[in-house]
Amino acid sequence: MRASTIREMLRVTQQPDVISFGGGLPAPELFPIDEIATCTREVMDEYGPQALQYSVTSGIPEMREWVARRLDAHLGTSFEPDDVLIVNGSQQGLDLIARIFLDPGDQVVLENPSYLGAIQAFDAYQARYLTVETDEGGVVPESLERVLARAESRPKFVYLVPNFQNPTGRTLAAERREAVVRICERYGVAIVEDDPYGELRFEGDHLRALVSYKTTETILYSGTGSKIMAPGMRVAWLATYDREVREKLVLAKQGADLQSGTLAQYVFARYVGKNEAFEEHVATIVRVYRERRNVMHAALQAHMPAQVHFNRPEGGMFLWATVDGVDTEELLKLSTAQKVVFVPGRSFYPQRDITNGMRLNFSNAGEEKIRQGIERLSDSIRTLLS
Ligand SMILES: Cc1ncc(COP(=O)(O)O)c(C=O)c1O
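Residues numbered from 1 in each chain as written. Predicted model: local features only at pLDDT ≥ 70, side-chain atom pairs only at ≥ 80, totals over all residues. Heavy atoms only, no water.

> Any chance you could break down the sheet that holds strand E15 (residues 357-361) for me, citing the residues and the numbers?
The antiparallel open sheet is built from 4 strands, whose spatial order is E11-E12-E15-E14. Among the strands making up the open sheet, the edge pair consists of strand E11 (308-310) and strand E14 (343-344). Sheet topology note: the strand E12 (residues 318-323)/E15 ladder contains 5 bridges and is antiparallel. Across the sheet, residue Thr-322 finds its bridge partner in E15, namely Gly-357. (Pairing = 2+ DSSP bridges. Helix = DSSP H or I, 4+ residues; strand = E, 2+ residues; numbered from the N terminus.)

> Could you give an account of the pattern of salt bridges, with specific residues and numbers?
Tallying each qualifying case throughout the model produces 30 salt bridges. Residue Glu-314 pairs with Arg-201 through a salt bridge whose shortest N-O separation is 2.9 Å. Residue Glu-314 is found in the loop between E11 and E12, and its partner Arg-201 is found in the loop between strand E8 (190-194) and strand E9 (219-224); the two are separated by 113 residues along the sequence. On the accessibility criterion, Glu-314 (36% relative accessible area) is partly exposed. (Salt bridge = Lys/Arg side-chain N within 4 Å of Asp/Glu carboxyl O. Buried < 20%, exposed > 50% of the residue type's maximum accessible area, 1.4 Å probe, protein only.)

> Give me the lowdown on the environment of Ser-260, citing residues and values where you can.
As for its placement among the helices and strands, Ser-260 is situated in the loop between helix H8 (243-257) and helix H9 (262-273). As a C-alpha pair, Ser-260 and Arg-234 span 26 residues in sequence and 8.1 Å in three-dimensional space. Excluding its chain neighbours within four sequence positions, the residues that come into contact with Ser-260 are Ile-86, Val-87, Asn-88, Gln-92, Lys-253 and Gln-265. A polar contact is formed between the side chain of Ser-260 and the side chain of Lys-253, at a distance of 3.0 Å. (Contact = heavy atoms within 4.5 Å. Polar contact = N/O pair within 3.5 Å; in protein donor to acceptor, adjacent residues only side chain to side chain.)

> Break down the packing of aromatic side chains for me, with residues and values.
The final tally for this structure, using the stated rule, is 14 aromatic pairs. Ring geometry for Trp-237 versus Phe-268: centroids 6.0 Å apart, planes at 75 degrees, classification edge-to-face. Taken together, the positions of Trp-237 in strand E10 (residues 235-239) and Phe-268 in helix H9 put the pair 31 residues apart, joining distant regions of the chain. With respect to burial, Trp-237 and Phe-268 carry one shared label: buried. Site record: aromatic cluster; members linked through ring pairs are Trp-66, Trp-237, Phe-268, Tyr-271 and Phe-278. (Phe/Tyr/Trp six-rings, centres within 6.5 Å; stacked < 30°, edge-to-face > 60°.)

> Please give an account of unusual backbone geometry that cites residues and values.
That bond from Asn-112 to Pro-113 is cis: its omega, 10 degrees, falls within 30 degrees of zero. Residue position: Pro-113 is located in the loop between strand E3 (107-111) and helix H5 (116-123). Cis geometry marks the peptide bond from Asn-166 to Pro-167, where omega comes out at 20 degrees. The backbone of Gln-126 sits at a positive phi, close to 55 degrees, despite the residue not being glycine. For Gln-126, the position within the fold is in the loop between H5 and strand E4 (128-132). The backbone of Arg-352 shows a phi angle near 50 degrees, a positive value even though the residue is not glycine. Take Arg-352: it is sitting in the loop between E14 and E15. For Arg-352, a relative accessible area of 30% corresponds to the partly exposed category.

Remember that the coordinates give geometry; whether it matters functionally is a separate question.
Rendered as structure tokens:
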């Protein structure tokens, strides 16, 4: 198993004068603290012992009902509450999926680069990786087809983050979505659609989820409350039409932790049940992150030398940059001395073979800090280039 560069870095960012573009942390000042306090009180008054008791493995009915209705409204699916399993963070969902799908040496298909936490989860089950080319429109379907056609044994699943991907902020283009589903269907390979950022869209239209396409292949959709409520609650969900897979996931979860915390689920369900307040809360997050994305992008345009290339994601929490000819792990050493941190790209590549990328988080620091941080980062880059 490899240590997570990100978790290591979080230790450095505890220092107050460090500007961090490193972690994938939501803005803490936007957490709905008063609302969660009120909901907790209400849950205690209304449910009392039930909210503190053991509950069923798949999650409390109120949560599963809400998840099914929200996914149907946003993604064009037709899920029933029984199609939903509440998990302890989507990270647990990834672990459970790996647990039921993977034997040592099995192949998993990943975007290149891909979410580090998924690689970590799959590493624990001794997965091997096939990587698919990606560009600004996400996975390139022709490359996916080539990889599946050439695979020595049938990969167990393709893992994708189609909206505002971690680490690149890229979105799988609308016109590629059905193609990806059909290719996987043709080769008999399941899809894991990890979508923690889909609700954080700053502009443009929401795109159809892969799981909304009718197919004979298994698609597992993973969503989370971490970015629209609070990651500390660890309330997240898996949804799939595949009953057999769902039952295996429930058994795997039983063995792992019996159930997700009952209290957190009740409080979560209570808050999202206050429809207007919750929608307003999500809209505020989107507005603030959009502004921060704008500030970071403008600062990059203003300060970075020509060797730095960067994108402008339409949502999420990350922007991706590359620096021609620079190993960003070297850059990180220099920038840490200047008290700015980011995540070097290498750890996101399953083969760890590309070293010039960096993931810049724009959700956690305020606008002034973002400006200062990018200015300092550009100084470090200029120093390294000279
Ligand atoms: C793509 C992706 N999947 C899963 C997770 C884990 O989220 P959770 O807090 O729901 O475990 C993250 C967190 O950053 C993520 O970026």
